[in-house]
Amino acid sequence: MPDATDRSGGTVTAPAGATATEFAAPAARLPGVLPAGRPARASAYPYVRLGLLLALLAGAAAGVLVFEPQRLLTHGWPPQLGGAAAAAVFTVAYGLCTVAFVPRPLLNLAAGALFGSQLGLATALAGTVLGAGVAFGLGRALGQDALRPLLRGRWLKAADGQLSRHGFRSMLAARLFPGVPFWAANYCAAVSRMRWWPFLLATAVGSVPNTAAYAVAGARAATPTSPAFLIAMACIAVPALLGSVVAWRKRHHLRSQ
């Protein structure tokens, strides 16, 4: 075993029987000294998880293209399912479809058309919270570490700060006004430091008006001149218009800064 030079210029002789690994171990524990290769592997782990997230989302989107959930609006629900079982299956399917980027308005219309206004609203809301929770969990576990270092743009930093400091209020506004896509709000919240419960609660409360309007519209689609259908369509159009105005003003304000 060769001798090692100490800081004073002398030599340090390894104890008899000590292996090279045992003799070198204290050096690996010095401050700032890590075993070779560990920093590179550690820095790659977030991107490996991000790649896994992208692969899962791509697979989910491909599954949606194959199974075509929009056929529920034209073909109806499978006859072998009914009652509570149908509502439970639809809730799970709704949540998974939102993770796979299926537009919620389509799913809300299907909920109303299949189950009526009240049960359709209940199943759609449950599916909304389920899908938001799944997307938030996936984004937090697989994407946060890789994406947070990329938050350098002014808009991205502003959105991250707003969600991190005022999570419930910001998410409630995003759910009430349909200017932000559902999936985008989910993954932006996951990348931020927003907590679970404010996210889920704001999603549940903020999604009620819009979901109810679509569920009623789906339930009354056979009578498009009925007052209920017309009121539901007005409740859909007015928030969309307000959301567009608010988004335009925010964008104009940010450009002027």
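The structure contained in this document is the topic of the report that follows.

Reading guide: rules and limits
- Each chain carries its own residue numbering, running from 1 in the written order of its sequence.
- Reporting of local features is limited, given that this is a predicted model, to residues whose pLDDT is at least 70; pairs of side-chain atoms are given and counted only at 80 or more, and all residues count toward the totals for whole chains, interfaces and linings.
- Hydrogen atoms and water are omitted, and side-chain values are computed over all heavy atoms in the structure.
- Numbering of helices and strands starts at the N terminus; helices are DSSP runs of H or I of at least 4 residues and strands are runs of E of at least 2.
- For a helix, the expected span equals 1.5 Å multiplied by the number of residues minus one.
- When accessible area is computed with a 1.4 Å probe and restricted to protein chains, residues below 20% of their type maximum are described as buried, those above 50% as exposed, and intermediate ones as partly exposed.
- Within 6.5 Å between ring centres, the rings of Phe, Tyr and Trp (the latter by its six-membered ring) count as paired, and their orientation is classed by plane angle as stacked under 30 degrees, edge-to-face over 60, tilted in between.
- By nonpolar core is meant a set of buried Ala, Val, Leu, Ile, Met, Phe, Trp, Tyr and Cys residues that side-chain atoms within 4.5 Å join together.
- Residue contacts are counted whenever heavy atoms from the two residues lie within 4.5 Å of one another.

Its 12 residues give helix H10 (residues 208-219) an end-to-end C-alpha distance of 16 Å, which sits within 8% of 16 Å, the value for a rise of 1.5 Å per residue. Among the residues of H10, those classed as buried are Asn-210, Thr-211, Ala-213, Tyr-214, Ala-215, Ala-217 and Gly-218.

Along the polypeptide, Ala-237 turns up in helix H11 (residues 227-256). Taking the C-alpha atoms as reference, Ala-237 lies 9.9 Å from Pro-178; in sequence the two are 59 residues apart.

Turning our eyes to something else, we now look at the packing of aromatic side chains. Enumeration according to the criterion identifies five aromatic pairs in this entry. The interplanar angle of 90° and the centroid separation of 5.5 Å between the aromatic rings of Phe-101 and Trp-183 together place this pair among those described as edge-to-face. Highlighted residues: Phe-101 in the loop between helix H4 (83-99) and helix H5 (104-147) and Trp-183 in helix H8 (residues 182-191), separated in sequence by 82 residues. Under the relative-accessibility criterion, Phe-101 is labelled partly exposed at 32%. Considering the side-chain rings of Phe-136 and Trp-196, the 4.8 Å spacing of their centres and the 70° angle between planes classify their relative orientation as edge-to-face. Of this pair, Phe-136 sits in helix H5 while Trp-196 sits in helix H9 (residues 196-206); the two residues are 60 residues apart in sequence, bridging distant segments of the chain. Classification of Phe-136 by relative accessible area gives buried; the value is 0%.

Moving on, we get to the nonpolar core. Core analysis: the largest hydrophobic core is formed by 13 residues, its most contacted members being Ala-132, Phe-136, Leu-163, Met-171, Ala-189, Met-194 and Phe-199. The set of elements that each furnish at least two residues to this core consists of H5, helix H7 (167-176), H8 and H9. Of the residues forming this core, the biggest block, four residues, is contributed by H8. Excluding residues within four positions of it along the chain, Phe-136 makes contact with Asn-186, Ala-189, Ala-190, Met-194, Arg-195, Trp-196 and Phe-199. Ranked by size, the runner-up nonpolar core spans 10 residues in total, among them Phe-90, Val-102, Ala-110 and Ala-111.

Everything listed here is a matter of coordinates, which is why it stays silent on function.
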